[in-house]
Amino acid sequence: MEFFGKTGRSARYLVVNADESEPGTFKDRYLMEFIPHLLIEGMITASYALGSKCSYIYIRGEYAWIVDILEQAIAEAKNNGWLGKNILGTGYDLEIYVQRGAGAYICGEETALLESLEGKRGNPRIKPPFPAVRGLWDCPTVVNNVETIAAVVPIINEGGEEYAKIGVGKSTGTKLISACGNIKKPGVYEIDMTISVEEFIYSDEYCGGMANGRKLKACIPGGSSVPILPANLLLKTAKGETRYMNYESLADGGFATGSMMGSGGFIVIDDSQCIVRHTYTLARFYRHESCGQCSPCREGTGWMEKILWNLETGKGKMGDIDLLWDIQRKIEGNTICPLGDAAAWPVAAAIRHFRDEFEWHVTNPDDAQRRNYGIGHYANPIPVPVTA
Amino acid sequence: MADEVKKEVPARFKVTIDNITIEVAPGTTILNAARQIGGDVTPPAMCYYSKLQGSGGKCRTCLVEVEAGSAADPRPMPKLVASCRTAVMDGMVLKNITSERVLDARAGVVEFLLLNHPLDCPICDQAGECHLQDLGYEHGKEGTRYEFKRRTFEKEDIGPYIQLHMTRCILCYRCTYVADQLTDNRVHGVLERRDHAEISTYISKAIDSDFSGNMIDVCPVGALTDKTFRFKNRVWFTKPVDAHRDCENPKCCGKVTLWQRGDDVLRVTARKDQWGEVQSFDGKPGWICNTCRFDKKHSNDWVVEGPTKVSRHSVISQGHYIDMQMPKEIMPEVMGGRAPKLLMDIQDISEVNSVDIGLLPGPATSKTFEKKEQ
Ligand SMILES: Cc1cc2nc3c(=O)[nH]c(=O)nc-3n(C[C@H](O)[C@H](O)[C@H](O)COP(=O)(O)O)c2cc1C
Ligand code: SF4
Ligand code: SF4
Ligand code: FES
């Protein structure tokens, strides 16, 4: 494996990142809860390829019951000779351990995860060196998501070329999307990445349309960290082309008019929801989860939360909106790990696309305080898509 | 990959920082290369401490712009990098004070660091030798845009000699590295996350170790202070002299700075260099033990060598010490020979300033300002 650095140490590790804590993302949970053997099989194959004799699943602390499921699956695999010493007579030994986190989003960041796995405080490390060179206990380590490792199985079984025929462009294979929010059928969907966003939201095969007959207002297409898009830019790109559920199309237009596939957490927001309150909720989350290591993220996330709380409760000033913009700009790109960016992007996108709604909160403090989001004041006309 | 490794690595790497080119040993960090140039070209460093392994990367004050990554790959880097944790490459071109992006980001970092910091230097024991004061003065904006309550903590005694006032801490983690690397068993570290993170001992345990006092010296702000000196005096009223003694502790270098008032020794610290770090002697950092620091408070305990050379360009240098060393003037070099022009000296034409404080031999007192009979 060229990817690995040569450090002269013999041990190598595979670590599966099952810390899934991004708001709106719950696809790994589904995989581990219902088809844990897919993950175990993927891990055995990947560990063999890497030469890892000891692999870990680092799982989010709140998924307490899934630990039991995984451990039962590991025991079953062991009893049948697929794990442990001399697997199926090949001479290859492998142990898989499940380690529970203690409830920190930041421990999903790969280097914070490794620190936590080593029994230390989950602070992200300063890169380089990257984990592939110096990871767990200073040994070369690969950290991958649950879905990534589970995908090893069909890739090996069908062959890479065959697997890559699914999908379109660079978005090959299938993708799990966890859809939630104001839709009729929230849940985890496996899609091939050729369907349009409109089809995904409105067809009965997937989300089944908007709940309670409301209108689509906005959507966060890839987990809480990625920029929010208003309905018009979600369904069509700025160029007027149909937007598809794949990496390239969701990112079309950059951050100005596009977003990202991110973690596949698809959060749909209808016209009864308040974007300011929503942005506040996300800011509160990122503030709470910042590890507190580097100053822009530690201090900036708290400041943004407080300003957003003022705006939300009718105590905001017009200048606060520009101040928020300036704060997020000074956090983004200047931190140790991408959590700083993840905290800045949602605020930036909300102001970029919904500035009038922030201003409404300032000019109508009483309505804002009564939580009276008669959002009719916002962005008329909200594009009404044809129902699929 | 194998070919690349075999390629000859030049013995010295050429780097350009703010139009000044120097040669440094491979493996040198950008910050240390800039320190070799000196003066304003050196980025401020609030968390990095060259004598503490693993330190740096946290405060983000030392961010610089990479205009060209290396001679082999001269592309610029999209993000600003932490100069204290990034090694130089041969042919690297960097911008510090010549980059607007850097100055903007740095002003942001200063604002963030001061966000939850009490702005009450007049009642803080660190005032006069505080790196955050210097940083705010040199790189900050004149006002704050923060309108909320600052976080506060109760003062805490960690051991008989050290007081922790967490309210002032900027979470540089230096003291935790001291605890990790200098003392036998570490009992203090960081608890909690985000802006609630705090330095603390494990269940209020006292820190009991020969070298714990060095935490006070590495702390850039007034969060960790010497209880034997707290509020006894202002540093700029004291007279620093270099002194040494034969310390019984084999790990202690015995070379210190005594801070005197008259003949009284008010405080003992390690000797600091122009970056505010403890000096090295024979290649080893000059940490001192708690006995030298807290118990030897009599001039008879020490062999005095002479006045300390104060070389830090900070508030402390305003004390009119005899042995002031001014920082290197680097601007003409940065500006390619063009020098900033002095348009006028207000002292020459002012009618309201009756006293030219620049000419005073020592601190001003009310006497200085008494109207002279004309
Ligand atoms: C703040 C933060 C949180 C993260 N949380 C997760 C997580 O919960 N699960 C995950 O798989 N990756 C998470 N990541 C991404 C990991 O750092 C890493 O990129 C990923 O595990 C690589 O796996 P992949 O290449 O298979 O996607 C997070 C990253 C950051 C910066
Ligand atoms: S960006 Fe935030 S979470 Fe990441 S290292 Fe810095 S403080 Fe910690
Ligand atoms: S107490 Fe001082 S040395 Fe320790 S982290 Fe805080 S500022 Fe840094
Ligand atoms: S000195 Fe480099 S980040 Fe603090």
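Basis of the calculations
Residues numbered from 1 in each chain as written. Chains lettered and ligands numbered in written order. Predicted model: local features only at pLDDT ≥ 70, side-chain atom pairs only at ≥ 80, totals over all residues. Heavy atoms only, no water. Helix = DSSP H or I, 4+ residues; strand = E, 2+ residues; numbered from the N terminus. Rg over C-alpha atoms; globule rule 2.2 N^0.38 Å. Contact = heavy atoms within 4.5 Å. Areas by Shrake-Rupley, 256 points an atom, 1.4 Å probe, with all protein chains shown as cover. Lys, Arg positive; Asp, Glu negative; His and termini not counted. Charge placed at Lys NZ, Arg CZ, Asp CG, Glu CD. pLDDT = per-residue confidence, 0-100. Near = heavy atom within 4 Å. Nonpolar A, V, L, I, M, F, W, Y, C, P; charged D, E, K, R; others polar. Polar contact = N/O pair within 3.5 Å; in protein donor to acceptor, adjacent residues only side chain to side chain.

> Any details on the overall build of chain A? Residues and values, ideally.
Scanning chain A from terminus to terminus reveals 16 helices and 11 strands. In summary, chain A has a C-alpha radius of gyration of 22 Å against a globular reference of 21 Å for 388 residues, a match within 12%. Here the C-alpha coordinates of chain A stretch approximately 70 × 45 × 35 Å along the principal axes. Here the analysis covers contacts within chain A between residues at least 6 apart in sequence; of these, 68% occur between residues at least 24 apart. Surface exposure of chain A reaches about 15700 Å², of which carbon and sulfur atoms provide 52%. Counting 39 positive and 47 negative side-chain charges, chain A places the centres of these two groups 5 Å from one another.

> Which residues make up the confidence of the model for chain A, and what values go with them?
Residues at a pLDDT of 70 or more form 93% of chain A, whose mean pLDDT is 89. Predicted confidence for residues 374-388 of chain A stays below pLDDT 50, and this span has 25 contacts to residues more than four positions away or in other chains.

> So, the confidence of the model for chain B: which residues are in play, and what are the values?
Residues and elements named next belong to chain B. Predicted confidence across chain B gives a mean pLDDT of 86, with 91% of residues reaching 70 or more. Overall, residues 1-5 carries pLDDT values under 50, and its contacts beyond four positions in sequence, including any with other chains, amount to 2 contacts. Interface confidence for the predicted complex, expressed as ipTM, amounts to 0.87; the pTM equals 0.88.

> Which residues make up the site of ligand 3, and what values go with them?
Taken together, Cys169(B), Ile170(B), Leu171(B), Cys172(B), Tyr173(B), Cys175(B), Ile199(B), Cys219(B), Pro220(B), Val221(B), Ala223(B) and Leu224(B) make up the full set of residues adjacent to ligand 3. Among the residues forming the shell around ligand 3, the class breakdown is 12 nonpolar, no polar and no charged.

> Outline the site of ligand 1, supporting the account with residue identities and numerical values.
Residue and element names in this part refer to chain A. Surveying the vicinity of ligand 1 reveals 14 residues, the closest of which are Asn-17, Glu-110, Asn-144, Asn-145 and Thr-148. Separating an oxygen atom of ligand 1 from a backbone N or O atom of Glu-110 is a distance of 3.1 Å. Note that an oxygen atom of ligand 1 is positioned 2.7 Å from one of the side-chain N or O atoms of Asn-144. Protein burial of ligand 1: of its 610 Å² of free accessible surface, 72% is covered by the chains. No other element matches the 3 residues that strand S4 (residues 141-145) contributes to the shell around ligand 1. Taken together, the residues that form the shell around ligand 1 break down as 4 nonpolar, 6 polar and 4 charged.

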